[in-house]
Amino acid sequence: MDIEKFDPESRLTTNDTMFSGAVSCRQFQDGYRFSVDAVLAAHFCTPKNTEIILDLGAGCGIISLILMYRWGDTIERIQAVEYQPQLCSLSQKNFRENGFNHKCSCVQGDVKTILDVVRPESFTLVICNPPYYTLGSGRKSEGGECSLARHLVSASLDDFTKAASLAVKNGGNVVFVYPAELLASLMTSLSRVRLEVKQMQAIYSYSNPPMDAKLVLVRCVKNGGAGCKLSPPFYIYKEKNGSFSQEMEKLYLP
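Summary of the structure given here. Residue numbers restart at each chain and count upward from 1, following the sequence in its written direction. Local features in a predicted model are, by the rule used here, given only for residues with pLDDT of at least 70; side-chain atom pairs are given and counted only at 80 or more, and totals for whole chains, interfaces and linings are based on all residues. Side-chain metrics in this entry use all non-hydrogen atoms of the structure; hydrogen atoms and water are not considered.

Working definition: a ring pair exists when centres of Phe, Tyr or Trp rings (six-membered ring for Trp) sit within 6.5 Å. Plane angles under 30 degrees give stacked, over 60 give edge-to-face, the rest tilted. Tallying each qualifying case throughout the model produces five aromatic pairs. Measuring from centroid to centroid gives 5.5 Å for Tyr204 and Tyr235, while their planes differ by 35 degrees, and the two rings are tilted. Of this pair, Tyr204 sits in strand β8 (residues 195-204) while Tyr235 sits in strand β11 (residues 234-235); the two residues are 31 residues apart in sequence, bridging distant segments of the chain. Here Phe244 and Tyr252 contribute two aromatic rings whose centre-to-centre distance is 5.4 Å and whose plane-to-plane angle is 15 degrees, an arrangement assigned as stacked. You can call Tyr252 partly exposed: its relative accessible area is 23%. In this text, helices come from DSSP runs of H or I with a minimum length of four residues, and strands from runs of E with a minimum of two, each type numbered from the N-terminal end. Accessible area is worked out with a 1.4 Å probe on protein chains only. A residue is then buried under 20% of its type maximum, exposed over 50%, and partly exposed in between.

Now for the pattern of salt bridges. It is possible for side chains of opposite charge to pair when their charged atoms get near one another. For this document, the term salt bridge refers to a Lys or Arg side-chain nitrogen within 4 Å of an Asp or Glu carboxyl oxygen. Overall, the coordinates contain six salt bridges when judged by the stated rule. Notably, a salt bridge pairs Arg33 with Asp16, separated by 3.1 Å at the nearest N-O pair. Here Arg33 is found in the loop between β2 (23-28) and α1 (36-43), whereas its partner Asp16 is found in strand β1 (residues 13-18), with 17 residues between them in sequence. Classification of Asp16 by relative accessible area gives partly exposed; the value is 26%. Two residues, Glu97 and Arg26, come together in a salt bridge whose shortest N-O distance is 2.8 Å. Taken as a pair, Glu97 in helix α3 (residues 85-97) and Arg26 in strand β2 lie far apart in primary sequence, 71 residues in all. Judged by relative accessible area, Glu97 falls into the partly exposed class, the value being 36%. What makes Arg26 buried here is its relative accessible area of 17%. Several salt bridges converge on common partners, so that one network encompasses Arg26, Lys93 and Glu97.

Every α-helix winds through 3.6 residues per turn, so residues three or four apart in the chain are directed the same way. α1 sits mainly inside the fold: eight of its eight residues count as buried. Taken together, the buried positions of α1 are Val36, Asp37, Ala38, Val39, Leu40, Ala41, Ala42 and His43.

Moving on: unusual backbone geometry. Put simply, Asn208 and Pro209 share a cis peptide bond, and its omega is 0 degrees. With a phi angle near 60 degrees, Asn241 is a residue other than glycine that sits in the positive phi range. Within the secondary structure, Asn241 sits in the loop between β11 and α7 (246-252).

Attention shifts here to the side chain of Asn94. Residue placement: Asn94 occurs in helix α3. Relative accessible area serves as the criterion here: at 0%, Asn94 is assigned to the buried category. Here Cys60 takes part through its backbone oxygen, which lies 2.9 Å from a polar atom of the side chain of Asn94. Any pair of residues with heavy atoms lying within 4.5 Å of one another is described as a contacting pair. Aside from chain neighbours lying at most four places away, what touches Asn94 is Ser24, Cys25, Arg26, Cys60 and Leu65. Residues adjacent in sequence count toward polar contacts only when both atoms are side-chain atoms; beyond that, a polar contact is any pair of N or O atoms within 3.5 Å, and within protein one must be able to donate a hydrogen and the other to accept it.

Within strand β9 (residues 215-222), eight of the eight residues are buried, which leaves it mostly tucked inside the rest of the structure. Neither face of β9 is left uncovered, since the one carrying Leu215, Leu217, Arg219 and Val221 and the one carrying Val216, Val218, Cys220 and Lys222 both have all their residues buried. Pairing between β8 and β9: eight bridges, direction antiparallel. Opposite Met200, over in β9, you have Val218 as the bridge partner. DSSP bridges decide pairing: two strands pair if at least two such bridges lie between them.

This brings us to the environment of Val175. Mapped onto the secondary structure, Val175 falls in strand β7 (residues 168-179). Val175 sits 134 residues away from Ala41 along the chain, and the two C-alpha atoms are 7.0 Å apart. Not counting residues within four places of it along the chain, the set of residues in contact with Val175 comprises Ala41, Phe44, Cys45, Leu125, Val126, Ile127, Cys128, Val218 and Arg219.

What makes a nonpolar core is a set of buried Ala, Val, Leu, Ile, Met, Phe, Trp, Tyr and Cys residues whose side-chain atoms join them at distances within 4.5 Å. In terms of nonpolar packing, the biggest core is built from 45 residues, with Leu40, Ile62, Ile63, Leu67 and Met248 touching the most fellow members. Here the element with the most residues in this core is helix α2 (residues 62-71); it accounts for seven residues. Apart from the residues lying within four places of it in its own chain, the contact partners of Ile63 are Ala38, Ala41, Ala42, Asp55, Ile127 and Asn129. Residues Ile52, Val126, Ala164 and Leu190 belong to the second largest nonpolar core, which totals 30 residues.

Below you can see the structure in the form of structure tokens.
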């Protein structure tokens with residue numbers, strides 16, 4: 001499919017806003033929709049001046065939108081890569097409608113052949129919110145688009161970590177958000193491609209009653225040395241079935 005010829009308006013979309021309406025994000029009403037995973041990942045590593053960023057597995061482009069709103073003045077360029085052509089086209093539309101297309105673009109590409117669409121070691125920061133369920137596990141996905149976004153169908157975890165390592169410069173940062181229960185698999189996969197973990201943060205749904213971590217945020221450095229910082233726990237909600245915690249609310253504030 002030629003993403004330039006696909007009109008996202010040919011499918012029903014919702015126009016969701018963030019930061020008191022400063023950023024709008026169109027999402028397909030009947031397809032994959034972003035979750036707090038992406039919001040957390042976008043805020044985990046503060047971009048430095050003249051940062052060149054790869055948004056790997058961009059979906060509707062939400063991570064790139066957040067990065068541009070928060071740190072657009074210091075970011076040199078963001079390249080989003082998305083496997084599904086209709087989501088890639090939607091990302092492009094989101095970038096245009098928010099006035100970010102002068103620095104952001106999305107290309108359709110496969111993480112297994114990432115160097116077909118980006119130059120090797122050309123990014124200073126890579127952010128990735130990959131699919132993580134194996135087929136037959138996790139939340140049931142009704143459509144093919146959702147299944148590809150949530151399940152390891154078209155690529156494996158190793159494909160995503162390898163793509164990130166190939167794309168990032170030596171000494172560059174890579175951020176992953178992943179289920180906490182699968183942390184061992186992520187650590188092993190990162191180690192294989194010389195991405196050394198430098199910072200981790202466990203994400204919990206709420207603090208009371210105590211429960212296991214839901215997600216983990218991981219920041220790696222390509223060929224980084226020894227030493228890893230463990231950040232304080234982060235709670236998404238104040239309580240079970242409650243509203244966002246103060247920390248989570250801050251991520252949505254202008």
